[in-house]
Amino acid sequence: MPTLEALNNHYATDSITFQTGKGGLSKCSISHPSATAELYLNGGHLTHFQPRGHRPVLWMSSESNFEAGKPIRGGIPICWPWFGQADQEDRPQHGFARNRTWTVTQSEETSDHVTLELSLESNDETKLIWPHSFELTLRFKIGKQLSIELETKNTSKDSFKVGTAIHTYFNVANASEIELSGLDQVNYIDQLENNVCKQQQGKITINKEIDRVYVDSGHQVSIVDRAMNRVLKVTKSGSQSTVVWNPWISKATRMADFPDDGYKTMVCVETANAFSDVREIAPGDNHLIMQTICVE
Ligand code: BG6
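Structure report, in brief. Everything numeric in this text was worked out from a predicted model, so none of it was measured.

## As for the overall build of the chain
Consideration 1: Scanning the chain for helices and strands turns up three helices and 22 strands.
Consideration 2: Against the compact-globule benchmark of 19 Å for 296 residues, the chain has a radius of gyration of 18 Å, which places it among compact chains.
Consideration 3: Split into buried and exposed, the 296 residues of the chain put 54% on the buried side.
Consideration 4: Taking the contacts inside the chain whose residues are at least 6 apart along the sequence as the reference set, 62% of them involve residues at least 24 apart.
Consideration 5: On the chain, roughly 12,900 Å² of surface is accessible, and the fraction owed to carbon and sulfur atoms is 43%.
Consideration 6: Looking at the chain, you have 28 positive and 36 negative side-chain charges, and the mean spots of the two groups are 4 Å apart.

Following this line, the structure appears as structure tokens:
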């Protein structure tokens, strides 16, 4: 793990600096004319994104852990190489990428955005959890819009399957007043009802716990937040599944790293490769999943 001095020597720009963040973890702070942002190397985890003139786009838990090896609650966790699976004891829920320290490999800035590239490679520790060789590259383009690209390269001799979620927590004024559009008539797996398949009718509104995986959905999803006077548009590629999650009251109280009333001001809309959308990658091949967030 390079020192902050080494990171600043190699990758600092006018808008990018590396600092000690919460819990003593290393973070990258971005203050650019177009936006501010904050990225923890633990998990390759964006904890803040705010285009100038707008309110913060990402919800962050006031009770989050900031500890090496533990996931951060809020912002944008990177779930990989599987989605969910908390039921399998030997497999950490949502994979291990969100628990590991990523390496900075590139930074750049122009007059309208900043780019940062991080990487994570297999090693003896990851192979104990998942026995494959891989190279992951995570690219952030931070400006008026935010784009995140995750590239998986299979460096093994055999094919493997990966599940992914760019597990974005959006900051909303009042979850019970927002509307999510773009998924009308799309089938979804209801994770709260034994994974039964249902079909969305109209817009999604939230007035209780929701935990759904929309399948065959390469669509744009809009989060219409009238109280904040804004629409958050989520577009994507390399993903045919979209997860919509809000823990609501009782699950929020059961999660130690989530404030009891946190469910009121967040919703997760996740760009995923989940369930039948997991991707098989042949040796030497890549898979690219990308999410763009635009504030209007
Ligand atoms: C969502 C899942 O993607 O993530 C939910 O669909 C889960 O079932 C949620 O509760 C949070 O997961 P975790 O592991 O971060 O608590």
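More follows now that the structure is in view.
## Some details on the packing of aromatic side chains
Consideration 1: Using the criterion set out here, one finds 13 aromatic pairs in the structure.
Consideration 2: Ring geometry for Phe96 and Phe134: centres 6.0 Å apart, planes at 40°, overall tilted. Taken together, the positions of Phe96 in the loop between strand 5 (78–79) and strand 6 (103–109) and Phe134 in strand 8 (residues 134–143) put the pair 38 residues apart, joining distant regions of the chain.
Consideration 3: Judged by relative accessible area, which is 2%, Phe96 ranks as buried.
Consideration 4: Arranged with centres 6.0 Å apart and planes meeting at 55°, the rings of Trp130 and Phe134 form a pair that is tilted.

## Quick look at the sheet that holds strand 9 (residues 146–154)
In a beta sheet, neighbouring strands pair by backbone hydrogen bonds and run either parallel or antiparallel.
Consideration 1: If you trace the eight strands from one edge of the open sheet to the other, you get 6-7-8-9-22-18-17-13, paired in antiparallel fashion. Two strands lie at the open edges of the sheet, namely strand 6 and strand 13 (179–181), each paired on one side alone. Strand-to-strand twist across the sheet, computed as the mean angle between neighbouring axes with direction ignored, equals 15°.
Consideration 2: The sheet contact formed by strand 8 and strand 9 spans nine bridges and is antiparallel. Within strand 9, the position partnered with Glu135 by the bridge is Lys153.

## Topic: the pattern of salt bridges
Consideration 1: According to the stated counting rule, one finds 13 salt bridges in the structure shown.
Consideration 2: Of the charged contacts in the structure, one is a salt bridge between Lys27 and Glu38, with a shortest N-O distance of 2.8 Å. With a gap of eleven residues between them, Lys27 in strand 2 (residues 26–32) and Glu38 in strand 3 (residues 35–40) connect regions that are remote in the sequence.
Consideration 3: Lys27 gets classed as buried once you look at its relative accessible area, which sits at 12%.
Consideration 4: Between Lys198 and Glu193 there is a salt bridge, with its nearest N and O atoms 2.9 Å apart.
Consideration 5: Using a relative accessible area of 43% as the deciding quantity, one classes Glu193 as partly exposed.

## What to know about the environment of Thr242
Consideration 1: Inspection of the secondary structure assignment puts Thr242 in strand 19 (residues 241–246).
Consideration 2: Judged by relative accessible area, which is 3%, Thr242 ranks as buried.
Consideration 3: Leave out the neighbours within four places in its chain, and Thr242 touches Leu183, Arg212, Val213, Tyr214, Ser217, Val221, Lys236, Val269 and Glu270.
Consideration 4: Engagement of the side chain of Thr242 in a polar contact is seen with the side chain of Ser217, the distance being 3.0 Å.

## Brief notes about the sheet that holds strand 1 (residues 16–20)
Consideration 1: Reading across from one edge, 1-2-3-4 is the order of the four strands in this open sheet, with antiparallel pairing throughout. Whereas interior strands pair on both sides, the edge strands pair on one side only; in this sheet they are strand 1 and strand 4 (45–51). Averaged over neighbouring strand pairs, the angle between their axes works out to 15° when direction is ignored.
Consideration 2: As paired strands, strand 3 and strand 4 are joined by six bridges and run antiparallel to one another. Looking at the pairing, Ala37 lines up with Phe49 of strand 4.
Consideration 3: The strands touched by helix 1 (residues 4–11) within the sheet are strand 1 and strand 2, with strand 1 carrying the most contacts at an inclination of about 175°.

## Examining the nonpolar core
Consideration 1: Formed by 71 residues in total, the largest nonpolar core has its most connected members in Leu46 and Trp80.
Consideration 2: Considering every element that reaches this core, the biggest residue donor is strand 8, with five residues.
Consideration 3: Setting aside residues no more than four positions away along its own chain, Trp80 makes contact with His94, Gly95, Phe96, Ala97, Trp130, Phe134, Leu136, Leu150, Thr152, Val162, Gly163 and Thr164.
Consideration 4: Within the second largest apolar cluster, nine residues are counted, among which are Phe83, Val215, Ala272 and Ala274.

## A short note on the site of the ligand
Consideration 1: Lining the immediate environment of the ligand, one finds Arg73, Phe83, Gln93, His94, Arg98, His167, Gln191, Asp211, Val243, Trp245, Lys251 and Glu270.
Consideration 2: Here an oxygen atom of the ligand sits 2.8 Å away from a polar atom, N or O, in the side chain of His167.
Consideration 3: Within the side chain of Gln191, one N or O atom sits 2.9 Å away from an oxygen atom of the ligand.
Consideration 4: Against a free-state accessible area of 390 Å², the protein chains account for coverage of 87% of the ligand.

The rules we used
- Residues numbered from 1 in each chain as written.
- Predicted model: local features only at pLDDT ≥ 70, side-chain atom pairs only at ≥ 80, totals over all residues.
- Heavy atoms only, no water.
- Helix = DSSP H or I, 4+ residues; strand = E, 2+ residues; numbered from the N terminus.
- Rg over C-alpha atoms; globule rule 2.2 N^0.38 Å.
- Buried < 20%, exposed > 50% of the residue type's maximum accessible area, 1.4 Å probe, protein only.
- Contact = heavy atoms within 4.5 Å.
- Areas by Shrake-Rupley, 256 points an atom, 1.4 Å probe, with all protein chains shown as cover.
- Lys, Arg positive; Asp, Glu negative; His and termini not counted.
- Charge placed at Lys NZ, Arg CZ, Asp CG, Glu CD.
- Phe/Tyr/Trp six-rings, centres within 6.5 Å; stacked < 30°, edge-to-face > 60°.
- Pairing = 2+ DSSP bridges.
- Axes fitted to C-alpha atoms, helices over the stretch in contact; angles between N-to-C directions.
- Salt bridge = Lys/Arg side-chain N within 4 Å of Asp/Glu carboxyl O.
- Polar contact = N/O pair within 3.5 Å; in protein donor to acceptor, adjacent residues only side chain to side chain.
- Core = buried A, V, L, I, M, F, W, Y, C linked by side-chain atoms within 4.5 Å.
- Near = heavy atom within 4 Å.

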